[in-house]
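# Report on the structure
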Amino acid sequence: MIKTFQIFYEDKTYPLQYPFSPLMEAFITHVLTKNEYPLLPFLQNHSGAVLDIGANIGCVSMLFSFYYPSATVYAFEPSPDSFQFLKSNTEQFPNVRPFNYGLDSKDGSARLYRGREASITNSLEANALSSSEFEPVELRRLSTFILDNDLDRILLIKIDTEGSEVPI
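What comes next concerns the included structure.

### A word on the side chain of Thr121
Inspection of the secondary structure puts Thr121 in the loop between strand S7 (108–115) and strand S8 (130–141). For Thr121, a relative accessible area of 8% gives the class buried. Reaching out from Thr121, the side chain makes a polar contact with the backbone oxygen of Ala118 at a distance of 3.0 Å. Filtering out sequence-adjacent residues up to four positions away, Thr121 remains in contact with Leu23, Tyr113, Gly115, Arg116, Leu129, Ser130 and Glu162.

Have a look at this one:
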């Protein structure tokens with residue numbers, strides 16, 4: 001079942017669609033109401049790049065778009081299912097650029113194990129929060145992406161990749 005969470009920001013309402021599960025709903029509620037990703041005022045009016053690595057459905061990418069309107073938000077999500085939500089949820093934000101691949105220390109492909117309860121626990125490693133079901137995904141080297149896209153000013157990097165943070 002697909003549900004919609006309404007995000008209110010500066011007197012406007014923005015829909016965030018997601019595949020319902022109690023875990024996903026709790027995650028979205030926590031991110032949007034508990035200040036998990038607070039605004040960093042010293043970055044608010046600067047141009048540059050904000051990297052959302054492990055963007056999932058785009059909840060944090062949307063926040064970063066609100067918080068840093070002069071920046072370009074690069075959102076990376078390897079799961080095709082989650083990427084469709086990411087793309088749909090962020091299409092109303094011209095400063096968000098979604099990419100359907102994950103980032104790593106090298107180019108290649110890998111198995112992405114599906115989360116047992118929600119896509120927010122998808123992982124490149126089988127673990128207690130993932131199922132035995134997996135899908136092949138594409139991975140690209142972060143440093144190559146930065147060079148290929150001439151990102152000379154990175155304002156902020158958020159990495160939430162369920163265990164792949166160190167290689168990235």
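That was the structure; now back to the text.
### Quick word on helix H1 (residues 22–33)
Between its terminal C-alpha atoms H1 stretches 16 Å, which fits the 16 Å expected from 12 residues at 1.5 Å a residue. Of the residues making up H1, those classed as buried are Met24, Ile28 and Val31. Down the axis of H1, the buried set is contained in an arc of 70 degrees. They therefore lie on one face. On the buried face of H1, the contacting elements are strand S1 (2–9), strand S2 (12–19) and helix H2 (59–67). Within two residues after H1, Asn35 carries a phi angle of roughly 60 degrees, on the positive side.

### What about the sheet that holds strand S3 (residues 48–53)?
The strand order S5-S4-S3-S9 describes an open sheet built from four strands, whose pairing is parallel. A single partner strand is all that each edge strand has here, and the edge strands are strand S5 (96–99) and strand S9 (154–159). Pairs of neighbouring strands in the sheet enclose a mean axial angle of 15 degrees, with direction left out of account. Alignment of S3 against strand S4 (residues 71–76), held across six bridges, turns out to be parallel. Across the sheet, Asp52 pairs through a bridge with Ala75, a residue of S4. Strands in contact with H2 are S3, S4, S5 and S9; relative to S4, the strand with the most contacts, it is inclined by about 175 degrees. The sheet strands contacting helix H3 (residues 80–90) are S4 and S5, and the helix crosses S5 at an angle near 165 degrees.

### Considerations on the nonpolar core
Counting residues in hydrophobic clusters, the biggest one holds 33 residues, and the most contacted among them are Leu16, Ile28, Val50, Phe64 and Tyr68. At the level of elements, S1, S2, H1, H2, S4, H3 and S9 are the ones that each hand at least two residues to this core. Counting residues per element, this core draws most heavily on H2, at seven residues. In this view, Val50 contacts Phe64, Tyr68, Ala71, Thr72, Val73, Tyr74, Leu155 and Leu156; residues no more than four positions away in its chain are not counted. Listed in part, the 13 residues of the second largest apolar core include Ala49, Ile53, Tyr74 and Leu103.

### Digging into unusual backbone geometry
Not every positive phi belongs to a glycine, and Glu10 is a case in point at roughly 45 degrees. For Glu10, the position within the fold is in the loop between S1 and S2. Not every positive phi belongs to a glycine, and Asn56 is a case in point at roughly 55 degrees.

### Quick notes on the sheet that holds S8
Strand order in the open sheet formed by three strands is S6-S8-S7, and the pairing between neighbours is mixed. In the strand order of this sheet, the two ends are held by strand S6 (102–104) and S7, each with one partner. Across the sheet, the mean angle separating the axes of adjacent strands is 50 degrees when strand polarity is ignored. Summarising the sheet, S7 and S8 pair through seven bridges and their orientation is antiparallel. Bridge pairing links Tyr113 to Phe134 in S8.

Criteria and cut-off values
- Residues numbered from 1 in each chain as written.
- Predicted model: local features only at pLDDT ≥ 70, side-chain atom pairs only at ≥ 80, totals over all residues.
- Heavy atoms only, no water.
- Helix = DSSP H or I, 4+ residues; strand = E, 2+ residues; numbered from the N terminus.
- Buried < 20%, exposed > 50% of the residue type's maximum accessible area, 1.4 Å probe, protein only.
- Polar contact = N/O pair within 3.5 Å; in protein donor to acceptor, adjacent residues only side chain to side chain.
- Contact = heavy atoms within 4.5 Å.
- Expected span 1.5 Å × (residues − 1).
- Arc of directions from axis to C-beta.
- Pairing = 2+ DSSP bridges.
- Axes fitted to C-alpha atoms, helices over the stretch in contact; angles between N-to-C directions.
- Core = buried A, V, L, I, M, F, W, Y, C linked by side-chain atoms within 4.5 Å.

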